[in-house]
Amino acid sequence: MATEHTFPDAYAKTAANLPKEFDPEKMSLSMGPSHPSTHGVLRVQFELDGETVTKADPVIGYLHRGDEKLAENMTYNQFVPYTDRLDYIAPLANNHTFAHTIEQLAGLKMPDRVNAIRVLTSEMARLSSHLLGLGAFGIDVGAWTVFMYTFNEREKLYNLFEKLTGARFTTSYTRIGGVSRDIPPGWLEEVDAFCDQFLPILDEVLALLSRNKIFLDRTVGIGVISKEDAISYGLSGPNLRGCGVAMDLRKDRPYWGYDQYEFDVPIGSKGDCYDRYLVRGEEMKQSVRIIKQVIKKFPAGDYYAPEARRIFAPRKDKVLTSMEELINNFMIVTEGPQMPAGEAYFEHENPKGILGFYVVSKGGGVPYRLRIHGPSFSTLSILPKICVGCLISDVVSILGSLDFVMGECDR
């Protein structure tokens, strides 16, 4: 019996005429989103000709974060803990970047002590991030011992973070207008002692890899990125500097007093996986150099801008003795700090590249719009270009050398 359904399946016919995503004569391979070498919830859909990659398509979105829209429904201070979850390997640097953006909007100037704390903890976050990135990269290419060394040093850093912030991982240390608490007594001396013992260990770790034949075979000439491609794809941080582009916001547009400290910007020459490894190794030495200079001339003063107290929170003694200040404090806590209308953008040289926040305010205690520029999102965009022509085993080295984090991508 003939069907009475005379309408064609328009969707099926349309789909049949669309260009094929992958060549059916080649093999399609899905790596991730839970594969160890994809470092998080990245899924990469490959087209393979034998073991050679002919097409690569990164698929993101498995975290379902929605950070930018969440920010538009909470007060400025309430969003600080969410910045921990962007690059969750370096939360202190994220906290400072967001706070500085809002301080620009409010027209606040930070005391020297606040700036010194932000430089110091940002460089410690860079050490923590590079240590984990280096250790994970080692595991990707079969060098397990490196991970044990770097994780041990990172654990020492986390002990220092815990003494300073009260938390090891998601610190939420920064406040808009300063930091949540001052440096505890003896903490700077402990950081200085860590730096002294860290440098010899770092040399030992790098010696395990720099002349290791297996490591060289798996990284030299693999995943090459040209200067032109790195710039056009918006790469930043070690991935850009590994291509020979000496761009570093700490040097090019100094902030927080970075221009007071002497340090070098290491760059690569070939733009391959090995150059990106070398750049991160040298950057850790330069971070130690900066940290020791900050400690040497650590300024006295307040850890919270006096002007910020008028906007964000009255002094506690005034809250307890003045009815007007008590009401003011209640309004700030419930409705958020009242910001002027306007917009602000600030970007910081984070461990994985440039992290930027763009905020639009129409007044009131909640941002009207907030957008985040995360370095890892740009980093992943170049993956389809540099993976083509590589062996599938080389992809593991490339992913490890790019050192991305998915918290910045799924925002």
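You'll find the structure just up there.
Everything numeric here is computed off the predicted structure, so don't read it as measured data.

What counts, and where the lines are drawn
Residues numbered from 1 in each chain as written. Predicted model: local features only at pLDDT ≥ 70, side-chain atom pairs only at ≥ 80, totals over all residues. Heavy atoms only, no water. Helix = DSSP H or I, 4+ residues; strand = E, 2+ residues; numbered from the N terminus. Rg over C-alpha atoms; globule rule 2.2 N^0.38 Å. Buried < 20%, exposed > 50% of the residue type's maximum accessible area, 1.4 Å probe, protein only. Areas by Shrake-Rupley, 256 points an atom, 1.4 Å probe, with all protein chains shown as cover. Lys, Arg positive; Asp, Glu negative; His and termini not counted. Charge placed at Lys NZ, Arg CZ, Asp CG, Glu CD. Contact = heavy atoms within 4.5 Å. Salt bridge = Lys/Arg side-chain N within 4 Å of Asp/Glu carboxyl O. Axes fitted to C-alpha atoms, helices over the stretch in contact; angles between N-to-C directions. Parallel < 35°, antiparallel > 145°, perpendicular 65-115°, else oblique. Left-handed = near helix turned anticlockwise from the far one by under 90°. Nonpolar A, V, L, I, M, F, W, Y, C, P; charged D, E, K, R; others polar. Pairing = 2+ DSSP bridges. Phe/Tyr/Trp six-rings, centres within 6.5 Å; stacked < 30°, edge-to-face > 60°. Patch = residues over 30% accessible without salt bridge, like charges linked within 9 Å, V, L, I, M, F, W, Y side chains within 5 Å.

(A) Geometry of the overall build of the chain. The secondary structure content of the chain amounts to 19 helices and eight strands. Its C-alpha radius of gyration of 24 Å places the chain within 12% of the 22 Å reference for a compact globule of 411 residues. When burial is assessed residue by residue, the chain has 53% of its 411 residues classed as buried. Here the chain displays about 18,300 Å² of accessible surface, and carbon together with sulfur accounts for 56% of that area. In the chain, the 45 positive side-chain charges and the 53 negative ones have mean positions that sit 3 Å from each other.

(B) Representation of the environment of I392. Topologically, I392 is positioned in helix α18 (residues 392–402). The spacing of I392 and T321 is 71 residues in sequence and 68 Å in space, taken between C-alpha atoms. Setting aside residues no more than four positions away along its own chain, I392 makes contact with L29, M31, F46, L48, E51 and V53.

(C) Representation of the pattern of salt bridges. Going through the model one piece at a time under the given rule, you end up with 26 salt bridges. Its salt-bridge partner being K352, residue D87 comes within 3.4 Å of it at the nearest N-O pair. Remark: K352 occurs in the loop between β6 (339–350) and β7 (353–364) and D87 occurs in the loop between α3 (80–84) and α4 (91–106); sequence separation between them is 265 residues. A single burial state applies to D87 and to K352, both of which are buried. Among the salt bridges present, the one from R250 reaches E123, with a minimum N-O distance of 3.2 Å. Within this pair, whereas R250 is found in helix α11 (residues 249–252), its partner E123 is found in helix α5 (residues 112–140), the two being separated by 127 residues in sequence. Both residues of the pair, R250 and E123, count as buried. Within this structure, E123, R126, R241, D248, R250, E283 and E349 form a network of salt bridges that share partners.

(D) The arrangement of α18 in detail. Of all the eleven residues making up α18, ten are buried; the element is thus mostly covered by neighbouring parts of the structure. All of the buried residues in α18 are I392, D394, V395, V396, S397, I398, L399, G400, S401 and L402.

(E) Structural context of the packing of α5 against helix α6 (residues 144–165). Between α5 and α6, the shortest axis-to-axis distance is 8 Å and the interhelical angle comes to 155 degrees. Put simply, α5 runs roughly antiparallel to α6. Considering how the two elements wind past one another, α5 and α6 form a crossing that is left-handed. For the pair α5 and α6, the contacting residues are T121, M124, A125, L127, S128, L131, L132, L134, G135, A136, G138 and I139 in the first and W144, V146, F147, T150, F151, E153, R154, L157, Y158, L160, F161 and L164 in the second. Across the contact of α5 with α6, the residue classes break down as 17 nonpolar, five polar and two charged.

(F) Quick look at the sheet that holds strand β1 (residues 27–31). Taken in spatial order, the three strands make up an open sheet running β1-β2-β3, and their pairing is antiparallel. Looking along the sheet, the strands with just one partner apiece sit at the ends: β1 and β3 (52–59). Averaged over neighbouring strand pairs, the angle between their axes works out to 20 degrees when direction is ignored. Pairing between β1 and strand β2 (residues 43–49): five bridges, direction antiparallel. Within β2, the residue paired with S30 across the bridge is Q45.

(G) Up close: the packing of aromatic side chains. Evaluation of the coordinates by the stated rule reveals 18 aromatic pairs. Ring centres of Y158 and F161 lie 5.9 Å apart, and the angle between their planes is 45 degrees; on these two criteria the pair is classed as tilted. Taken together, the positions of Y158 and F161, both in helix α6 and three residues apart, correspond to about one turn of that helix. Given the relative accessible area of 7%, Y158 is considered buried. Residue F161 is classed as buried on the basis of its relative accessible area, which comes to 4%.

(H) Spatial organisation of the side chain of N350. Relative to the elements of secondary structure, N350 occurs in strand β6. In this view, N350 contacts A93, N94, T97, R126 and L355; residues no more than four positions away in its chain are not counted.

(I) Inspection of a nonpolar patch on the surface at higher detail. Together, M323, L326, I327, F330 and M331 make up an exposed nonpolar region whose accessible area comes to about 490 Å². Among the secondary structure elements, F330 is positioned in helix α15 (residues 323–335).

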